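Read off the chains here:
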Amino acid sequence: TLGTVAHEFVHMIIFNEGYWVEDGQLYGMERWLEEALTQYGQYLFNGKYTSNLDEFIKFPDTILAENRISEVWLGPNPFANYGASFLWMFYLVEKYGGSNTSNFLRNIIRNREGGMKAIDAVLTPFGTDSTSVFADWAIANYLDKTRKNDGSMLNDGKWGYNVDNDFNTTNDLGVNERLPVKFSEKVILTSPVTARSSNVNPWAADYVEISGNTGNLNLGFDGDDRSQFKAAIIKRGPSVDTAVEFI
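1. Re the overall build of the protein chain
Then comes step 1: The helix and strand inventory of the protein chain stands at 8 helices and 6 strands.
Then comes step 2: Of the regular secondary structure in the protein chain, the N- to C-terminal order runs α-β-β-α-α-α-α-α-α-α-β-β-β-β.
Then comes step 3: For 247 residues, the compact-globule estimate of 2.2 N^0.38 gives 18 Å, and the C-alpha radius of gyration of the protein chain, at 19 Å, lies within 12% of that figure.
Then comes step 4: Viewed in the frame of its principal axes, the protein chain has a C-alpha envelope of about 65 × 40 × 35 Å.
Then comes step 5: Within the protein chain, the proportion of its 247 residues that are buried is 42%.
Then comes step 6: Taking all contacts inside the protein chain whose residues are at least 6 apart in sequence as the whole, residues at least 24 apart take part in 60%.
Then comes step 7: Of the roughly 14200 Å² that the protein chain leaves accessible, carbon and sulfur atoms contribute 48%.
Then comes step 8: Averaged over its 21 positive side-chain charges, the protein chain has a centre that lies 4 Å from the centre of its 32 negative ones.

2. Structural notes on the environment of V208
Then comes step 1: Looking at where V208 falls in the secondary structure, it is placed in strand β4 (residues 208-211).
Then comes step 2: For the pair formed by V208 and K182, sequence separation is 26 residues and the distance between their alpha carbons is 9.2 Å.
Then comes step 3: Ignoring any residue separated from it by four or fewer positions in sequence, one finds V208 in contact with F183, E185 and V187.

3. A look at helix α6 (residues 101-110)
Then comes step 1: When α6 is considered as a whole, its buried residues turn out to be T101, F104, L105, I108 and I109. Considered in projection along α6, the buried side chains sweep an arc of 130° and stay on one side of the axis.
Then comes step 2: The secondary structure elements touched by the buried residues of α6 are α1 (2-18), α2 (31-46), α5 (79-97) and α7 (116-123).

4. A closer look at the pairing of strand β5 (residues 232-237)
Then comes step 1: Where β5 and strand β6 (residues 240-246) come together, 5 bridges link them in antiparallel fashion. From the neighbouring strand, I233 faces β6, where its bridge partner is E245.
Then comes step 2: In textbook terms, the turn of a hairpin is the stretch between consecutive antiparallel strands, and for β5 and β6 this stretch comprises 2 residues.

5. A closer look at the packing of α5 against α7
Then comes step 1: Running from N to C, α5 and α7 cross one another at 10°; their axes reach a closest spacing of 12 Å. When the axis of α5 is compared with that of α7, the two are roughly parallel. Contact residues: α5 offers W88, L92 and Y96, while α7 offers M116, I119 and L123.
Then comes step 2: Considered class by class, the residues forming the contact of α5 with α7 number 6 nonpolar, no polar and no charged.

6. Let's talk about the side chain of K158
Then comes step 1: Mapped onto the fold, K158 is located in the loop between α8 (130-143) and β3 (185-188).
Then comes step 2: With no salt bridge to any partner, buried K158 finds its closest opposite charge in D156, at an N-O distance of 4.8 Å.
Then comes step 3: Setting aside residues up to four positions removed in sequence, K158 forms contacts with Y91, K95, Y96, D136 and A140.

7. Remarks on empty space enclosed by the protein
In this approach, a probe sized like a water molecule rolls over the atoms, and the result shows the empty space that is left.
Then comes step 1: Taken as a whole and judged by the stated rule, the model has 1 cavity of 30 Å³ or more.
Then comes step 2: As a volume, the largest cavity reaches approximately 40 Å³.
Then comes step 3: Together, F56, P60, T62, F134, W137, A138, N141, W203, A204, A205 and Y207 line the largest cavity.
Then comes step 4: For the lining of the largest cavity, the element with the highest residue contribution is α8, accounting for 4 residues.
Then comes step 5: The residue inventory of the lining of the largest cavity, partitioned by class, reads 9 nonpolar, 2 polar and no charged.

Each value, and the rule that gives it
Residues numbered from 1 in each chain as written. Predicted model: local features only at pLDDT ≥ 70, side-chain atom pairs only at ≥ 80, totals over all residues. Heavy atoms only, no water. Helix = DSSP H or I, 4+ residues; strand = E, 2+ residues; numbered from the N terminus. Rg over C-alpha atoms; globule rule 2.2 N^0.38 Å. Buried < 20%, exposed > 50% of the residue type's maximum accessible area, 1.4 Å probe, protein only. Contact = heavy atoms within 4.5 Å. Areas by Shrake-Rupley, 256 points an atom, 1.4 Å probe, with all protein chains shown as cover. Lys, Arg positive; Asp, Glu negative; His and termini not counted. Charge placed at Lys NZ, Arg CZ, Asp CG, Glu CD. Arc of directions from axis to C-beta. Pairing = 2+ DSSP bridges. Axes fitted to C-alpha atoms, helices over the stretch in contact; angles between N-to-C directions. Parallel < 35°, antiparallel > 145°, perpendicular 65-115°, else oblique. Nonpolar A, V, L, I, M, F, W, Y, C, P; charged D, E, K, R; others polar. Salt bridge = Lys/Arg side-chain N within 4 Å of Asp/Glu carboxyl O. 1 Å grid on protein atoms, 1.4 Å probe; cavity = no way out; pocket = protein on both sides within 12 Å on 5 of 7 lines; lining within 4 Å. Points joined across faces, edges and corners; volume = space filled by probe spheres on them.

This is the structure:
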């Protein structure tokens, strides 16, 4: 299809602009970032979301940033990874590319770090970095809400997608599946104390729905000290404004 031609053409642009040879060795962009850019280029060409997005919506605990030669990308089922990378680039361009999208993308491609550090470089002028933006992105993929009930901006629109209408779910991002991403687990509180243990991939998120009981709810989180985590509580209801608290 012409969309595939556009996708592959972006690969050619990246090879020309973002790869180099040093001491006889070819260097370039990490695979996840290159595929993020090629899929976004395909979207710019035909205005259609990739069906890989559906797989990420179903499996949000999917590694976003991986080394170019990882078995994830070279394995038999990388479609959720492709979907994650596309949605990440879509979010970055919407929130930080703006009217300067061409330069924003060019700076990513030409940055020789070729991975998440390249994203850090283009985010520096905005006073933020990939870790902070990833947290907002993870919230946006579930909450997908840019405005409060009174129409004012919610967290500067960072917890949703502008392309969506907050009050019309028929235009949420996706093809056959639609945002929000699916829950990893649903917990119904039936006792005074409930504990859960689970794993989450690097540069990925789990979403747990908590319901049941009334009164105050005290939550705690304890992650492996060898890794970095962010845990957030999303509070929402039909008659209250959405709120997000990090714990």
